[in-house]
Amino acid sequence: MLNRKIAERNRYIIAIGASAGGIEPLKQIVSNLPADLPAAVFVVVHVGQVSYLGEILDRAAALKTSVAENGVAFKTGNIYVAPPGFHLLLHDDHMMLRRGPRENLARPAIDPLFRSAALSYGASVIGVLLSGSLSDGTAGLRAIKAVGGLAVVQHPNDTLVPAMVESALHYVEVDHCLPAAKIGALLGRLAAEPAGETLPAPPSVRLEAAVAAQEHSTMKKEDRLGELSVFTCPECHGPLWEIEDGDMLRYRCHTGHAFTGDAVMEAQAVEADEILWSLLRSHQQRAEFARRMAERERTRDRSALASEYGRRAKDYEADAAVIERILESRRVQVTDDGSVSAQGNGEEDTN
């Protein structure tokens, strides 16, 4: 079981988040952690419905690695990995798995782990952010720093996809920024050092952590985190509240879906692309149906009706041609941070 004396003295919670391009640096970090690490390590990586991350890290690390289980007490010297489809949260020396609202289009997401760790363990937390697209993890690192914990990020030049760590460097007072090859040894040293003073957590951090834990499912007037915006949630299409988190702008809907600004744009781009393809298919089908109706009327010598259907078919074909030109104009380019942008008359990010 967790050694309380060590827990009260040292930085004994290490929370690591990664996304695109994060597996290799994560393997490198856990392989460099000391076998007698006086801390428990928790890992969230954006994954699909199936993940072998636990097995991958278990082969790489000297520490025992397993998939996190709901309600199970954690031990120092162990690595715990979030399973697909669940946020990994920490509370009272045990782990919680919750199917709370997705954050930044992901579940598991990094921010819920970081926030819950900050609330439960304060200055004893070290938050680590690795390679990934968009900006999940930045708000969570801000929460860790707010209560006196430490923030460590992989150096952008060492990442395959630097967007996540660049966001953190922009919005968070990061304590250490270095290549993955050096992070494991650093964490070993930091975990053996005394933790500083734990500071009171901001009320907004408590509220957002409760949403992820499915303990809070509404956005009552007294609990709103920001101002109601003109935008709708890309996930459930409800209204979005705009949150001023320092100089960082974030969004959350009343059912709990949370987004940074770039995540909103990402979701909007995907939605716009789906709408365009749906419209193209609809107009092509309408044109084909009208052509068949025109042919049918011609075989029955009803020329006027056949002409009307023929005219409609041409109109639908013209509409489809316009949509095809829009789709063709969205030239796909891969940007420096690994995201995908489409440029035509305007510019959108479409991952």
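Just so you know, these numbers come straight off a predicted model, no measurement behind them.

Rules used in this analysis
- Residues numbered from 1 in each chain as written.
- Predicted model: local features only at pLDDT ≥ 70, side-chain atom pairs only at ≥ 80, totals over all residues.
- Heavy atoms only, no water.
- Helix = DSSP H or I, 4+ residues; strand = E, 2+ residues; numbered from the N terminus.
- Buried < 20%, exposed > 50% of the residue type's maximum accessible area, 1.4 Å probe, protein only.
- Contact = heavy atoms within 4.5 Å.
- Areas by Shrake-Rupley, 256 points an atom, 1.4 Å probe, with all protein chains shown as cover.
- Axes fitted to C-alpha atoms, helices over the stretch in contact; angles between N-to-C directions.
- Parallel < 35°, antiparallel > 145°, perpendicular 65-115°, else oblique.
- Left-handed = near helix turned anticlockwise from the far one by under 90°.
- Nonpolar A, V, L, I, M, F, W, Y, C, P; charged D, E, K, R; others polar.
- Core = buried A, V, L, I, M, F, W, Y, C linked by side-chain atoms within 4.5 Å.
- Salt bridge = Lys/Arg side-chain N within 4 Å of Asp/Glu carboxyl O.
- Pairing = 2+ DSSP bridges.
- Polar contact = N/O pair within 3.5 Å; in protein donor to acceptor, adjacent residues only side chain to side chain.
- Phe/Tyr/Trp six-rings, centres within 6.5 Å; stacked < 30°, edge-to-face > 60°.
- Lys NZ or Arg CZ within 6 Å of the ring centre and 35° of its normal.

1. Some words on the overall build of the protein
At step 1: Along the protein, the regular secondary structure elements total 10 helices and 16 strands.
At step 2: Relative to its full complement of 351 residues, the protein shows a buried share of 49%.
At step 3: A separation threshold of at least 6 residues defines the contact pool for the protein, and within that pool the share at least 24 residues apart is 65%.
At step 4: When the accessible surface of the protein is summed, it comes to about 16500 Å², and 49% of that surface belongs to carbon and sulfur atoms.

2. A short note on the packing of helix α9 (residues 261–299) against helix α10 (residues 303–329)
Each packed pair of helices is defined by two parameters, the angle between the axes and the distance between the axes.
At step 1: The geometry of α9 relative to α10 is characterised by a closest axis approach of 8 Å and an angle of 160° between their N-to-C directions. It follows that α9 is roughly antiparallel to α10 by the angle criterion. For the crossing formed where α9 meets α10, the hand is left-handed.
At step 2: Looking at the contact of α9 with α10 residue by residue, the classes come out as 17 nonpolar, 3 polar and 9 charged.

3. A short note on unusual backbone geometry
Most peptide bonds are trans, and most residues other than glycine sit at a negative phi.
At step 1: Residue R107 is joined to P108 through a cis peptide bond whose omega torsion reads 10°.
At step 2: Position of P108 among the secondary structure elements: in the loop between β6 (94–98) and α4 (110–121).
At step 3: Despite not being glycine, N104 shows a phi value in the positive range, around 50°.
At step 4: In this structure N104 comes out as buried when scored by relative accessible area, which is 7%.
At step 5: Of note in the backbone geometry, L105 takes a positive phi value of approximately 70° without being a glycine.

4. Overview of the packing of α4 against helix α5 (residues 138–146)
At step 1: Interaxial distance between α4 and α5 falls to 7 Å at its minimum, and their mutual angle equals 10°. With respect to their mutual orientation, α4 and α5 come out roughly parallel. Contacts from D111, F114, R115 and A118 of α4 reach α5 at T138, A139, G140, L141, A143 and I144.
At step 2: Broken down by class, the residue content of the contact of α4 with α5 amounts to 6 nonpolar, 2 polar and 2 charged.

5. With respect to the nonpolar core
At step 1: Ranked by internal contacts, the top residues of the largest apolar core, which has 34 residues, are I13, F42, L88 and L141.
At step 2: It is α4 that provides the largest number of residues to this core, a total of 6 residues.
At step 3: Residues in contact with I13, not counting those within four places in the same chain, are A39, A40, F42, F74, L90, A117, Y121, S124, V125 and I126.

6. Describing the pattern of salt bridges
Opposite charge on two side chains makes pairing possible when the charged atoms of those side chains draw close.
At step 1: Taken as a whole and judged by the stated rule, the model has 20 salt bridges.
At step 2: In this structure, K27 engages E24 in a salt bridge whose closest nitrogen and oxygen atoms are separated by 3.5 Å. Taken together, the positions of K27 and E24, both in helix α2 (residues 23–31) and 3 residues apart, correspond to about one turn of that helix.
At step 3: Sharing partners across several salt bridges, the network here consists of E103, R115, R142, E208, D245, R250 and R252.

7. Comments concerning the sheet that holds strand β11 (residues 239–245)
At step 1: Strand order in the open sheet formed by 4 strands is β10-β11-β12-β13, and the pairing between neighbours is antiparallel. In this open sheet, the two strands that pair with only one neighbour each are β10 (227–232) and β13 (258–260). Ignoring which end each strand starts from, the neighbouring axes of this sheet average 35° apart.

8. Notes on the environment of A263
At step 1: With respect to the secondary-structure elements, A263 resides in helix α9.
At step 2: C-alpha separation for the pair A263 and Y251, spaced 12 residues apart in sequence, amounts to 9.4 Å.
At step 3: When near neighbours in sequence (up to four residues on either side) are disregarded, A263 contacts N104, L105 and L134.

9. Comments concerning the environment of H87
At step 1: Within the secondary structure, H87 is located in strand β5 (residues 87–91).
At step 2: For H87 and L97, which are 10 residues apart along the polypeptide, the C-alpha to C-alpha distance reads 5.6 Å.
At step 3: Side-chain polar atoms of H87 contact the backbone oxygen of P101, separated by 2.8 Å.
At step 4: Within the local environment of H87, its side chain forms a polar contact with the backbone nitrogen of A109, the two atoms lying 3.3 Å apart.

10. Here we look at the packing of aromatic side chains
At step 1: Taken as a whole and judged by the stated rule, the model has 5 aromatic pairs.
At step 2: Centre to centre, the rings of F42 and F74 are 5.0 Å apart; their planes meet at 85°, and the pair counts as edge-to-face. With a gap of 32 residues between them, F42 in strand β2 (residues 40–45) and F74 in the loop between β3 (64–67) and β4 (78–81) connect regions that are remote in the sequence. Judged on exposure class, the residue F42 and its partner F74 are both buried.
At step 3: Residues F231 and Y251 carry aromatic rings whose centres are separated by 6.1 Å and whose planes lie at 85° to one another, so their mutual orientation is edge-to-face. In this pair, F231 sits in strand β10 while Y251 sits in strand β12 (residues 248–253), placing the two residues 20 residues apart along the sequence.
At step 4: With a relative accessible area of 9%, Y251 lands in the buried category.
At step 5: One aromatic cluster is present, built from ring pairs that chain together Y12, F42, F74, Y80 and Y121.
At step 6: In this arrangement the basic side chain of R99 is found over the ring face of F86, its NZ or CZ atom lying 5.6 Å from the centre.

Purely geometric numbers; function is a separate question.
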